[in-house]
Amino acid sequence: MTELAGKRILLGLTGGIAAYKAGELARLFVRSGADVQVVMTRAACGFVTPATMQALSGKPVYTDMWDGRIPNNMGHIELSRDRDLIVVAPASADFMAKLANGLADDLLSALCLARRSPLAVAPAMNVEMWNHPATQRNAAQLRADGVAILGPASGDQACGETGMGRMLEAAEIYAEAVRALSPKVLEGKRVLVTAGPTYEPIDTVRGITNQSSGKMGYAVAQAAAEAGAQVTLVSGRTALPTPAAVERVDVVTAREMHDAVMARVKRTDVFIAVAAVADYHVVNARGQKIKRSAGNPKIELAPNPDILGAVAAGKSAPFCVGFAAETENLKAYAQDKRHQKGIPLLAANLAQEAFGRDDNALTLFDDAGEHVLARAPKIVLARQLVAHIARMLPKAR
Ligand code: PMT
């Protein structure tokens with residue numbers, strides 16, 4: 001994983017039990033190739049030690065405005081200037097109040113005030129502290145000042161109470177940082193993605209479906225959101241969490257997917273059909289569980305609507321991207337499919353190497369020919385696909 005390669009992140013910790021999660025966050029940043037500078041408040045040092053954070057970030061940790069290691073004694077300027085992003089996790093109620101009011105009485109608050117880079121804070125506090133009108137005022141002020149507020153989440157708290165105020169998990173904060181640092185090649189675009197399998201009932205407990213896990217489509221939705229698009233994900237049944245900043249619409253059958261897509265297509269600039277859609281539905285689906293004693297029941301099938309075909313054929317159609325999973329003759333079948341559907345771009349993969357897996361390999365077909373995307377995690381391929389779409393957009397629209 002090198003998605004943050006070359007990025008320079010300042011990770012700030014303030015006082016809160018959630019500081020233990022900052023160690024994992026530092027590790028994720030470092031593993032991803034980022035240069036991580038940790039700065040801790042005095043209160044943070046009561047929860048985890050600078051030595052721990054130094055070991056995990058691989059760099060000395062700063063805690064004091066007057067640290068003699070900073071050549072010109074201007075830590076707040078020196079440490080903030082070369083950073084691509086500042087993330088404060090955990091951010092206590094006290095620290096948010098200081099930020100909202102422009103106070104700068106310690107190294108972390110001073111460098112946040114002196115910064116030129118984007119700032120994101122992950123609040124962590126007791127539910128009553130989070131709900132207090134003063135904290136809500138401060139959060140609103142920070143948002144108005146352009147600070148990204150990540151979370152908080154709701155759930156059990158270290159103090160034994162339950163409610164809003166839990167810090168997001170390290171992986172969620174990491175994903176937000178990746179999003180914040182991604183090139184915004186789809187800024188202002190509205191992207192509609194289909195993902196996962198469809199399910200066509202035979203009776204109330206049985207149905208026809210396929211082995212799509214949704215991983216490829218969810219990765220595409222995540223990559224488009226990272227690239228600054230407003231993303232809606234129309235999803236068949238999956239066990240996956242919704243990617244950050246993505247609106248998700250759950251459907252079950254192909255006809256539901258068709259309706260959900262058609263209702264949104266007018267407000268769409270780019271349509272990416274990753275779903276494995278059932279070609280047929282059962283006309284004589286039963287309203288009760290079919291009994292074994294019923295003998296040999298006949299299942300009568302009728303074709304489902306071709307969602308991608310319908311979108312591509314529409315008046316002022318969005319830029320359409322199709323997927324094709326084939327078990328053989330990948331190139332010939334994929335090119336046929338692109339022409340049949342009348343779409344500018346199609347991503348082809350081998351079914352046996354794509355369904356359900358975390359990685360994949362894609363070949364993109366467009367008017368310029370074919371472009372091979374070598375085997376990689378699906379999120380890496382999704383980012384490459386999004387970059388390819390962004391390059392094609394000005395020509396196509
Ligand atoms: O979900 P994963 O486990 O990560 O697996 C990913 C994947 C293999 C499902 C994905 O990468 C993929 O290849 N999706 C397309 C599957 C396929 O072969 O679809 P198709 O050949 O039936 O359809 C071609 C295109 O038309 C697809 O873009 C499909 O979404 C679309 N289609 C198909 C039928 C239909 N009724 N409506 C459609 O929109």
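Up top you'll find the structure we're talking about.
From a predicted model like this one, the values you see are computed outputs, not experimental measurements.

Got a minute to help me understand the pattern of salt bridges in this structure?
Any two side chains of opposite charge can pair, on the condition that their charged atoms come close. This structure, assessed with the given rule, holds 24 salt bridges. Note that Arg 83 is salt-bridged to Asp 82, the shortest N-O span being 3.0 Å. Looking at Arg 83, the relative accessible area reads 7%, which means it is buried. With a relative accessible area of 35%, Asp 82 lands in the partly exposed category. Here Lys 341 and Asp 306 are joined by a salt bridge, their closest N and O atoms 3.1 Å apart. Linking Lys 341 in helix H12 (residues 330-341) with Asp 306 in the loop between strand S15 (301-303) and helix H11 (307-313), this pair joins segments that are 35 residues apart in sequence. Connected via shared salt-bridge partners are Arg 8, Asp 35, Lys 59, Asp 82 and Arg 83.

When you look at the packing of aromatic side chains in this model, what are you seeing that I'm missing?
Describing an aromatic ring pair means giving the distance of the ring centres and the angle of the ring planes. Applying the stated criterion across every chain, the model contains 1 aromatic pair. With centroids separated by 6.1 Å and ring planes inclined at 40°, the aromatic side chains of Phe 29 and Tyr 174 adopt a geometry described as tilted. Of this pair, Phe 29 sits in helix H1 (residues 19-31) while Tyr 174 is found in helix H8 (residues 170-181), placing the two residues 145 residues apart along the sequence. Neither residue differs from the other here; Phe 29 and Tyr 174 are each classed as buried. Above the ring of Tyr 199, the side-chain terminus of Arg 237 is found at 4.7 Å from the ring centroid.

For this particular structure, what's the right way to read the sheet that holds strand S11 (residues 230-235)?
Each strand in a sheet pairs with its neighbour through backbone hydrogen bonds, running either in the same direction (parallel) or in the opposite one (antiparallel). One open sheet holds the 8 strands; their spatial order is S12-S11-S8-S13-S16-S17-S18-S19, and the pairing between them is mixed. Single-partner strands in this sheet number two, and they are strand S12 (246-250) and strand S19 (369-377). Neighbouring strand axes in the sheet, compared pairwise and without regard to direction, differ in orientation by 20° on average. Taken together, the 7 bridges between strand S18 (residues 359-366) and S19 define a ladder with antiparallel strand orientation. By the bridge assignment for S19, Leu 362 is matched with Leu 373. Strand contacts of H12: strand S16 (319-326), strand S17 (345-350), S18 and S19, with the helix running at about 150° to S17, the strand carrying the most contacts.

Just to check I follow, could you spell out the site of the ligand for this structure?
Close to the ligand lie 25 residues; Ser 212, Ser 213, Ala 273, Lys 337 and Gly 356 are nearest. At 2.6 Å, a backbone N or O of Ala 273 approaches an oxygen atom of the ligand. Contact distances for the ligand include 2.9 Å between a nitrogen atom and a backbone N or O atom of Pro 305. Within the complex, 94% of the 780 Å² of free accessible area of the ligand lies under protein. Those elements giving two or more residues to the shell around the ligand turn out to be helix H9 (215-226), H11, S16 and H12. The element contributing the most residues to the shell around the ligand is S16, with 4 residues. When grouped by side-chain class, the residues that make up the shell around the ligand number 13 nonpolar, 6 polar and 6 charged.

Is there a simple way to think about the state of the cysteines in this case?
Any covalent bond linking the sulfur atoms of two cysteines counts as a disulfide. Evaluation of the coordinates by the stated rule reveals 0 disulfides. Residue Cys 45 stays outside any disulfide, its sulfur separated by 15 Å from that of Cys 112, the closest cysteine. Residue Cys 45 is classed as partly exposed on the basis of its relative accessible area, which comes to 26%.

How each quantity is defined
- Residues numbered from 1 in each chain as written.
- Predicted model: local features only at pLDDT ≥ 70, side-chain atom pairs only at ≥ 80, totals over all residues.
- Heavy atoms only, no water.
- Salt bridge = Lys/Arg side-chain N within 4 Å of Asp/Glu carboxyl O.
- Buried < 20%, exposed > 50% of the residue type's maximum accessible area, 1.4 Å probe, protein only.
- Helix = DSSP H or I, 4+ residues; strand = E, 2+ residues; numbered from the N terminus.
- Phe/Tyr/Trp six-rings, centres within 6.5 Å; stacked < 30°, edge-to-face > 60°.
- Lys NZ or Arg CZ within 6 Å of the ring centre and 35° of its normal.
- Pairing = 2+ DSSP bridges.
- Axes fitted to C-alpha atoms, helices over the stretch in contact; angles between N-to-C directions.
- Contact = heavy atoms within 4.5 Å.
- Near = heavy atom within 4 Å.
- Polar contact = N/O pair within 3.5 Å; in protein donor to acceptor, adjacent residues only side chain to side chain.
- Areas by Shrake-Rupley, 256 points an atom, 1.4 Å probe, with all protein chains shown as cover.
- Nonpolar A, V, L, I, M, F, W, Y, C, P; charged D, E, K, R; others polar.
- Disulfide = S-S within 2.5 Å.

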